[in-house]
Amino acid sequence: MNLLIIGNGFDLDLGRKTRYADYRSSRYWPFTSLDHNGLGYYIENYAKSNSNWFDIEELLRAYGEINSKEYKKTNSSLKPISLNQDEMDFRFLNKRMSKYIESINLTPIKEDSAAAKILNAVLNNGTYKIYSFNYSSLKIIARSVGYSHHFDHEHVHGLAANKSAILGVDDNVDLREGYDFMYKTFSRFYESHPIQYDLKDADEVIFFGLSLGRIDYPYFQEFFRSLCKSEHRDRENSKKVTFITYDDCSRRQILRQLREMNLKRTNYLFGLNNIEFICTSATEPKNNLRKIGSLISHLNVRSEITNKDDR
């Protein structure tokens, strides 16, 4: 078994406006006018000042960690914080985000994008399972690339289409008392996913558009650390891991996260495994197009082998 693991960069490569900033500029954004203090005010105030890029889940973490006395001291002119209002704002933010993602599902994708081509090759390969960290429907995207059969996939953080999207923070964040409604694992839609087992069993893993930020550490830290343990690895157990990202800036950002996750042993990751980075931006060197073509050819060859074995 092999894995394709996709993040928001995958949807962006398909031409979909799935950044939090896109959500904020849409008619679905819930905090256009606020007459109260607290979570909604905190997020909207930050979004106004950083309209091009911001991370809602990082803002949730930052707000949830703030000591209430400290918050009152720095925001003394505002109305008192209401825990009930904060929870209402949090749930409304999630609900409206799902509606926004649902509206995006109706828009066409860029069929000539790297994401569309690789997804089509992966689906036809027959040996891949897909884990999506996005809220948009993979079934709809699959139909858009001409694939209508069943395929093995899981939406780790839920799905906007069935109102199960999970927004929030991970368990390693220490939220102040009363704010545990922000934990993803506390959502009534949170389910078990065998991603750690599948990572361990996979021969090849493709990451497309996943930043591997701190919020992703609980899913991947043990996996990447295991790839750096020379005393437990031999050539037969090495993995082929491909990272598909936008440009050299995002490539270096992923490497920073890998270095942090692996106790600054990134050289072991490269030395003991087959690691490759591919950038999709048109401004990147042309050899990235060659790499994408080589990956698709590799997937197609595996597909032919699988079909022969099935006969």
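Further up the page is the structure itself.
So, how was this worked out
Residues numbered from 1 in each chain as written. Predicted model: local features only at pLDDT ≥ 70, side-chain atom pairs only at ≥ 80, totals over all residues. Heavy atoms only, no water. Helix = DSSP H or I, 4+ residues; strand = E, 2+ residues; numbered from the N terminus. Buried < 20%, exposed > 50% of the residue type's maximum accessible area, 1.4 Å probe, protein only. Lys, Arg positive; Asp, Glu negative; His and termini not counted. Salt bridge = Lys/Arg side-chain N within 4 Å of Asp/Glu carboxyl O. Polar contact = N/O pair within 3.5 Å; in protein donor to acceptor, adjacent residues only side chain to side chain. Contact = heavy atoms within 4.5 Å. Pairing = 2+ DSSP bridges. Axes fitted to C-alpha atoms, helices over the stretch in contact; angles between N-to-C directions. Arc of directions from axis to C-beta.

S.K.: Outline the side chain of E284, supporting the account with residue identities and numerical values.
M.R.: Relative to the helices and strands, E284 resides in the loop between β6 (274–279) and α13 (287–310). In this structure E284 is buried but unpaired, with R251 as the nearest side chain of opposite charge at 6.7 Å. Reaching out from E284, the side chain makes a polar contact with the backbone nitrogen of D248 at a distance of 3.2 Å. Apart from the residues within four sequence positions on either side, E284 is in contact with Y246, D247, D248 and C279.

S.K.: Kindly report on the sheet that holds β6, identifying the contributing residues and their values.
M.R.: Ordered in space as β3-β2-β1-β4-β5-β6, the six strands form an open sheet in which the pairing is parallel. At either margin of the open sheet sits one strand with a lone partner, and together these are β3 (153–155) and β6. Neighbouring strand axes in the sheet, compared pairwise and without regard to direction, differ in orientation by 15 degrees on average. Of the strand pairs in this sheet, strand β4 (residues 204–208) and strand β5 (residues 240–245) are connected by five bridges, and their pairing is parallel. Residue pairing in the sheet places F208 in a bridge with I244 of β5. Packed on one face of the sheet, helix α10 (residues 217–226) meets β1 (2–6), β4 and β5 and runs near 135 degrees to β4. Seen against the sheet, helix α11 (residues 248–261) touches β5 and β6 and runs at an angle of roughly 145 degrees to β6.

S.K.: Account for the environment of A160, naming residues and giving values.
M.R.: Positionally, A160 belongs in the loop between β3 and α9 (195–201). Residue A160 is classed as buried on the basis of its relative accessible area, which comes to 0%. The spatial distance from the C-alpha of A160 to the C-alpha of S103 is 9.8 Å, given a sequence separation of 57 residues. Discounting chain neighbours no more than four positions away, the residues touching A160 are S98, I101, E102, Y135 and A165.

S.K.: Could you give me a rundown of α10, with the residues and numbers involved?
M.R.: Where α10 is concerned, the buried positions are Y217, Y219, F220, F223 and F224. Burial along α10 is one-sided: seen end-on, the buried residues are contained in an arc of 150 degrees. In the core, the buried residues of α10 are packed alongside β1, α9, β4, β5, α11 and α12 (266–272).

S.K.: Explain the environment of D248 residue by residue, including any values.
M.R.: Along the chain, D248 falls in helix α11. In this structure D248 comes out as partly exposed when scored by relative accessible area, which is 29%. At a separation of 2.6 Å, a polar atom in the side chain of D248 contacts the side chain of R251.

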